[in-house]
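# Observations on the model geometry
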Amino acid sequence: MAEAQLKDDQAPRKLAYVNAITEGIAEAMREESQAFLAGEDVAGAGSVFGYTGGLLEEFGADRVIDTPISEKGIMGLGVGAAATGCRPIIDLMFMDFLGECMDEVANQMAKMRYMFGGHARLPVTVLTMSGAGMSLAAQHSQSLEVWLTHLPGLKVVAPATPYDAKGLIISACRDDNPVFVLLNKLSLALQGEVPEGAYEVPIGKANVMREGKNLTLIAYSRMVHEAMQAADQLKEFGIDAEVIDLRSLSPLDTDTIIESVKKTHRAVIVHEAVRFSGFGGELAAQIQELAFDYLDAPVGRVGAPFSPVPYSPSLEQSYMPNAKRIVAETRRLLGV
Amino acid sequence: MAEAQLKDDQAPRKLAYVNAITEGIAEAMREESQAFLAGEDVAGAGSVFGYTGGLLEEFGADRVIDTPISEKGIMGLGVGAAATGCRPIIDLMFMDFLGECMDEVANQMAKMRYMFGGHARLPVTVLTMSGAGMSLAAQHSQSLEVWLTHLPGLKVVAPATPYDAKGLIISACRDDNPVFVLLNKLSLALQGEVPEGAYEVPIGKANVMREGKNLTLIAYSRMVHEAMQAADQLKEFGIDAEVIDLRSLSPLDTDTIIESVKKTHRAVIVHEAVRFSGFGGELAAQIQELAFDYLDAPVGRVGAPFSPVPYSPSLEQSYMPNAKRIVAETRRLLGV
Amino acid sequence: MAAPAIGSMTFRYAFRGSFTDTHDCFGYARHPVRPDHPKSPEIGGDKPVTIQATDAVLLDIHERMVRIRIFEEEAGKLMENGKVPGALHLYVGQEAVAAGVMAHLEDSDHITSTHRGHGHVVAKGGQFNEMYAELYGKAAGYCKGRGGSMHICNMEIGMLGANGIVGGGIPIAMGAAFSKKFRKTKEVAASFFGDGASNEGSFHEAANMAALYKLPLILVCENNGFGEYTRQDNHQAIVDVADRAAGYGMPGVVVDGMDAIAVYEAAGEAVARARNGEGPTLLECKTYRFYDHVGVRGMGLSYRTDEEVDAWKQRDPIKLIEEKLIEQGIITKRKISAIHKRIREEAMAAIKFAEDSPLPDPDGLLEDVYYVQA
Amino acid sequence: MAAPAIGSMTFRYAFRGSFTDTHDCFGYARHPVRPDHPKSPEIGGDKPVTIQATDAVLLDIHERMVRIRIFEEEAGKLMENGKVPGALHLYVGQEAVAAGVMAHLEDSDHITSTHRGHGHVVAKGGQFNEMYAELYGKAAGYCKGRGGSMHICNMEIGMLGANGIVGGGIPIAMGAAFSKKFRKTKEVAASFFGDGASNEGSFHEAANMAALYKLPLILVCENNGFGEYTRQDNHQAIVDVADRAAGYGMPGVVVDGMDAIAVYEAAGEAVARARNGEGPTLLECKTYRFYDHVGVRGMGLSYRTDEEVDAWKQRDPIKLIEEKLIEQGIITKRKISAIHKRIREEAMAAIKFAEDSPLPDPDGLLEDVYYVQA
Ligand SMILES: Cc1ncc(C[n+]2csc(CCOP(=O)(O)OP(=O)(O)O)c2C)c(N)n1
Ligand SMILES: Cc1ncc(C[n+]2csc(CCOP(=O)(O)OP(=O)(O)O)c2C)c(N)n1
Ligand SMILES: [Mg+2]
Ligand SMILES: [Mg+2]
């Protein structure tokens, strides 16, 4: 984590993912007077996830704005305000609610600059919460990143750690393009080192979380931690796994991925989204294309099975990808 | 085309894709009194593409219904009517307008049966028009199938020929699940054999359009024809290409694809959608996984570059995948 | 906000649009009577009541309300004690709305509901066993544990599901109403949704289509004054959601949503209009939730005062109807206690049933994604 | 539909909601005057006109209208002759709306538009060269040929683009209005959209938010009686889209959209309200398109009669304003001819410019997808 600006003489500060998000937003708003935060219950209630708590107090009701339950309106607010000089930070509570505003996202936000021949600039950041694991059922648990990554004009990042959550939010807010920051609800309490003050995590740069020799595990968001656990367990089977946290899905750091696979000769991709037609397909396709001669085994993919997210904990647990399944899939593919 | 029920003693009837669509809808409505067609300008105007012309006259205003410009409402109409005993056929003029109703599609239509523990049945068919090539620019030219294929609970088909257009629409309407029929606007005038009367093209079954020995071209919708042309041109370079028309994206006929690749040892996937994060990723990922030891070259993918669809013909032409680009990509991958 | 002080209500609701034909509506805001809702002006009503509940109907409504209350009280305890997973949005305080509307509906009439859906299921005739089992995520639940609180449904009694998407049920109910008209039945559909949901595009599109096609739909807005933690005057610049009806060309009615009898009467007119082919009605019920947005105590945010909650509790809808029933000699206090006791016992037994039920088999995870033709 | 027969109009528009404060609006439909639109009852107006156009303003409005008309006539010919690709939705017949509203706006005020956007660009000050070049898909076009007719824009004059998505511009204009209020400017935003668009959820959500936040937004509904080929009474059960304003808590105004001066006056009040921090207005302009939905003759569908079109052409907005200008002695017939001639020549020269311009270089296809920090 070269980006950290820790003083040598002080113990690194630990912070939960949820608080790192708050700090990221706060830093972005402190440095940029044209930035505001708008979304459902972000002001008075501090968001249903708690990550905007205190912002109303610091920035006031002009800059931290509760909206009606109107996702098209909210997203349009972001587009129109960004196109006319503001730097909106839009909170879309649950990623599942993209369904309500995909027109504003896909047809307006992502395309405006291009359609206008470059005569628009849209510095808008969208925060939204993805992932299952809380028995919130099929409409509050999805990971729909592939809807977004398929859209030229958007950037899409997905922090796995508190450090990255803060740094990527700051980078997103400083970016003059629309950036989606995909947060993960099961990670909210996750603790990690988070420096004070503003710092960037570069958008478009993957992070090698762990070096290894004969397998590359590629993950993002919470699945990074499952991949790290899986890497531990795989040692037992003689597999020394490298773990890459993509951090940014679009733009994608293909170089880091390919370099790793050329070294390890094997790759397994992990995401929480439904496996079929998910972002892992793009990753596997690129790896087999760009490192074909280096591969000793097919590129594996671990993702959710082909069903909506179920409610019952017994079903949800067997639905969600985890370290155990990563290990099993790796062993199957590698025949160990 | 084994499904055709042509009488031996009569010359096969030719019909344009646009009229085949009409016949498919008409047959489905004739055999099922609970079927109705609803959409913007489908009744009085016969649809802006002309494919619902004459249906109002045959079926009357109770069964062929002009709607307001309210895509959420229209899609909700389909969901609610299907859940309560009707068999709606919903026309979503341009696929780009999915942005306006993805909630109804993704969170309601696709998930209702599962969330309800199997206690709902949704026999709803959605027709929608995809594809570029008419200088209709970024919001009227998209191919967004990956938004749909990623959703468990939906079926997604994409006919390339008039024959399949009619047959797949009939199959879709007879299916007790939500089925999206992705039509292609540049194919509207395409002529092909179309039998009279009702017939099915099975959903989930790919069609080997042309047999070949050392390359499998996998395409769907209009790109099938570009792939066929490319196959012709590739002969020149000593490549005997097999061409598979997927017809159905979800469910996907993996068997036919893998069988072919095991025979030819090479594959190139072609779709009109943006290449990055598109459906081709899933196909490439599956092929390299399931036919790893058979592959003599990386699986190639031809798709649109990473930008919105441009307006100007000069840009749009260089944007859209075509036979020439398929040939070039194939030669690059195979080194011929 | 001051305490509700309705006093003697002779007429309990009023039209927000009288009607001549499909394409012309005029006359607005004729003296609605309502509880002391945020910013509501105080005005009296003068529309004569035409649909009066019989004693049997009043008892039926009361039974539905008590069933909801007890179901929810126990569900709230289960959630607060960590016995059930996920998020429960409880209906306590709003019982008069579900009961007053549902008393007019048959199993063949369909409803759609919201994230706050238990009350609608109970009022429509849902059984405690299958409902608690669903909250527990058990195989015996209405959704086999797949849906949980926010998707609880029962197609057999015309309950097209709670819905996790705010406003998500409205276009679906409109589609069900379309289907009823298409199939030339006398059935109706009703959609329940909140004040917050009235700001979603789905409400707008569905309302317009329902009015255009004159569908047998009752749009029941349960205006409890908040969308989550956001007060109504912070999410819309109007006082009465019913004012939106005129913009679609349908009647809009405001009714005291704490008064089950008033709801019954207003809903009765709306349902009658629907069954007679006269089209949809927007029925706004001014109500209040006694619990927090989620669970009972919820996140403990101070978005409303205890005084406000207490003031509304003075007009507890169950207390109101019980007072009326006793006053009119329809039932005794003792009989009421017996009803509460019976239903509480039913709830406790159902909770035990749910607890003892098996979890769904993970092997069946992928079942029911598609209908598989036999 | 009968021929428009307005006769002598003393007062040309009226409020559909008089206003006391943000959260309370009452009083409806006070005698709007309007052309003989489908199903409109005939009523007279009595609201005194407060914003009167000076002679200079009238001439300016006229100039804008003639510019639109001529631009569109020539664009129509280009499309019918296959000289330009794609689909053009032409604005002929509706000029009074764009001109009457835009005469109040500065370059720093922003507008959003529709698929039928040329008229708005021209009225906002767009130049013919760059506009025709864009229709031709040339590099010299406002969007470098990337956007075409349905995305034509000019950020420098506050024109945030035509929009291929019906209703798509409304939330964006609301966002622009928010930005203006946020930045404490006196600027306003206006969004143009059709009667058909008023049925989209985007209209609803943006209107509610604009009223809630009291944004400086003018929602200009160009009610031309049709969404594509569907007549208004087949897409909504109301006559006046302005009736929807009350449901958001903003004033709704109906104005004769063929009468540029009436539009100017009504828009002037709305713009003044917006600049004064008094919030949004829904301004419905009853108008008509003389050409088909797409192109000039379009698909040749018989969704309206020649008689209807001819009747509306009797009230050609350019004819109306020219008659008025001459009658009031502000300009002579001869000078008007000279204006037409000058603008026609400008158009012809611009078409030549566009034709002679180079196409965009395909090598630049991927430029401008992202802003690249220098
Ligand atoms: C489309 C969508 N946006 C936001 C949410 C989050 N959410 C759940 S309940 C709720 C408040 C709904 O308010 P209202 O409609 O008034 O119903 P109430 O909770 O008061 O019964 C919100 C914002 C959601 N579930 N769906
Ligand atoms: C979301 C969306 N739905 C449908 C269309 C297709 N469409 C283009 S213009 C149009 C009619 C619009 O009617 P109106 O808003 O009244 O504008 P007008 O054309 O009359 O100016 C329709 C349905 C679209 N472009 N976008
Ligand atoms: Mg509420
Ligand atoms: Mg129109």
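Residues numbered from 1 in each chain as written. Chains lettered and ligands numbered in written order. Predicted model: local features only at pLDDT ≥ 70, side-chain atom pairs only at ≥ 80, totals over all residues. Heavy atoms only, no water.

### Thoughts on the interface of chain D and chain A
Listed per partner, the contact involves 38 residues of chain D and 47 residues of chain A. Taken together, both faces of the contact between chain D and chain A bury some 3400 Å²; the carbon and sulfur share is 64%. The interface formed by chain D and chain A includes 2 salt bridges. For Lys184(D), the salt bridge identified is with Asp62(A), shortest N-O distance 3.6 Å. Our count for the chain D to chain A interface comes out at 18 residue pairs in polar contact (both at pLDDT 80 or more). (Contact = heavy atoms within 4.5 Å. Buried area = accessible area lost by both parts, 1.4 Å probe. Salt bridge = Lys/Arg side-chain N within 4 Å of Asp/Glu carboxyl O. Polar contact = N/O pair within 3.5 Å; in protein donor to acceptor, adjacent residues only side chain to side chain.)

### Structural notes on the packing of helix α2 (residues 95-102) of chain D against helix α7 (residues 260-275) of chain D
All names here are of chain D. In the contact formed by α2 and α7, the axes pass within 8 Å of each other and the chain directions differ by 40°. The angle between α2 and α7 places the two elements in the oblique class. Between α2 and α7 lies a crossing whose hand is right-handed. Across the interface between the two elements, Ala96, Val97, Gly100 and Val101 of α2 pack against Ala260, Val263, Tyr264 and Ala267 of α7. Residue classes in the contact of α2 with α7 are distributed as 7 nonpolar, 1 polar and no charged. (Axes fitted to C-alpha atoms, helices over the stretch in contact; angles between N-to-C directions. Helix = DSSP H or I, 4+ residues; strand = E, 2+ residues; numbered from the N terminus. Parallel < 35°, antiparallel > 145°, perpendicular 65-115°, else oblique. Left-handed = near helix turned anticlockwise from the far one by under 90°. Nonpolar A, V, L, I, M, F, W, Y, C, P; charged D, E, K, R; others polar.)

### Describing the sheet that holds strand β3 (residues 64-66) of chain A
Residue and element names in this part refer to chain A. Across the sheet, 7 strands lie side by side as β3-β2-β4-β5-β7-β6-β12; this open sheet has mixed pairing. Because the sheet does not close on itself, it has two edges, and the strands there are β3 and β12 (248-250). For this sheet, the mean angle separating the axes of adjacent strands, direction not counted, is 20°. In this sheet, strand β7 (residues 179-184) lies alongside strand β5 (residues 125-130) in parallel orientation, the contact comprising 6 bridges. For valine 126, the partnering residue across the bridge sits in β7 and is phenylalanine 180. (Pairing = 2+ DSSP bridges.)

### Some points on the coordination of the magnesium ion (ligand 4)
Residues and elements named next belong to chain D. Looking at the metal site, the magnesium ion (ligand 4) is ligated by Asp195 (OD), Asn224 (OD1) and Phe226 (O), spaced 2.0 to 2.1 Å from it. Here the donor residues of the magnesium ion (ligand 4) are spaced in sequence according to D-x28-N-x1-F. This pair shows no difference in class: asparagine 224 is buried, exactly as phenylalanine 226 is. (Donors = N, O, S within 2.8 Å, 3.2 Å for Na, K, Ca; no water. Buried < 20%, exposed > 50% of the residue type's maximum accessible area, 1.4 Å probe, protein only.)

### Describing the domain arrangement of chain A
Residue and element names in this part refer to chain A. Under the domain assignment, chain A is made up of domain 1 (15-193) and domain 2 (207-334). For domain 1 versus domain 2, the separation of C-alpha centres amounts to 26 Å. The partner domain 2 presents 26 residues to the 27 residues of domain 1 that form the contact. Summed over both partners, the interface of domain 1 with domain 2 buries about 2000 Å², with 58% contributed by carbon and sulfur atoms. Put simply, domain 1 and domain 2 have 1 salt bridge between them. With a shortest N-O distance of 3.5 Å, aspartate 164 and arginine 247 are connected by a salt bridge. In this assembly, domain 1 and domain 2 are joined by 11 residue pairs in polar contact (both at pLDDT 80 or more). Where the side of domain 1 that touches domain 2 is concerned, the elements lending two or more residues are α6 (145-149), β6 (155-157) and α7 (162-174). (Domains from an automatic or database assignment.)

### Let's talk about the nonpolar core
If you look at the biggest cluster of nonpolar residues, it comprises 456 residues, and the most contacted ones within it are Leu246(A), Leu246(B), Tyr132(C) and Tyr132(D). Once you skip the residues sitting within four places of it in the chain, Leu246(A) turns out to touch Lys205(A), Ala206(A), Ile218(A), Ala219(A), Tyr220(A), Leu252(A), Ile257(A), Phe279(A) and Leu283(A). Counting residues in each nonpolar core, the second largest holds 22 residues, with Ala219(A), Ala230(A), Ala231(A) and Leu234(A) among its members. (Core = buried A, V, L, I, M, F, W, Y, C linked by side-chain atoms within 4.5 Å.)

### Section: the environment of Val268(A)
All names here are of chain A. Position of valine 268 among the secondary structure elements: in strand β13 (residues 267-274). Measuring from C-alpha to C-alpha, the distance between valine 268 and valine 327 comes to 9.8 Å, with 59 residues separating the pair along the chain. Apart from the residues lying within four places of it in its own chain, the contact partners of valine 268 are Leu215, Thr216, Leu217, Ile218, Gly300, Val302, Thr330 and Leu333.

### Let's talk about the relation of the copies chain B and chain A
Of the two same-sequence chains, chain B is brought onto chain A (RMSD 0.0 Å, axial shift 0.0 Å) by a rotation of 180°. Given the turn and translation reported, the copies of this chain are related as if by a two-fold rotation axis. It is Gly281(B) whose C-alpha, among those of chain B, lies nearest the rotation axis, at 2.1 Å. Mapped onto chain A, 100% of the interface residues of chain B again fall at the interface, so both copies present the same surface. (Least-squares fit on C-alpha atoms with pLDDT ≥ 70 in both.)

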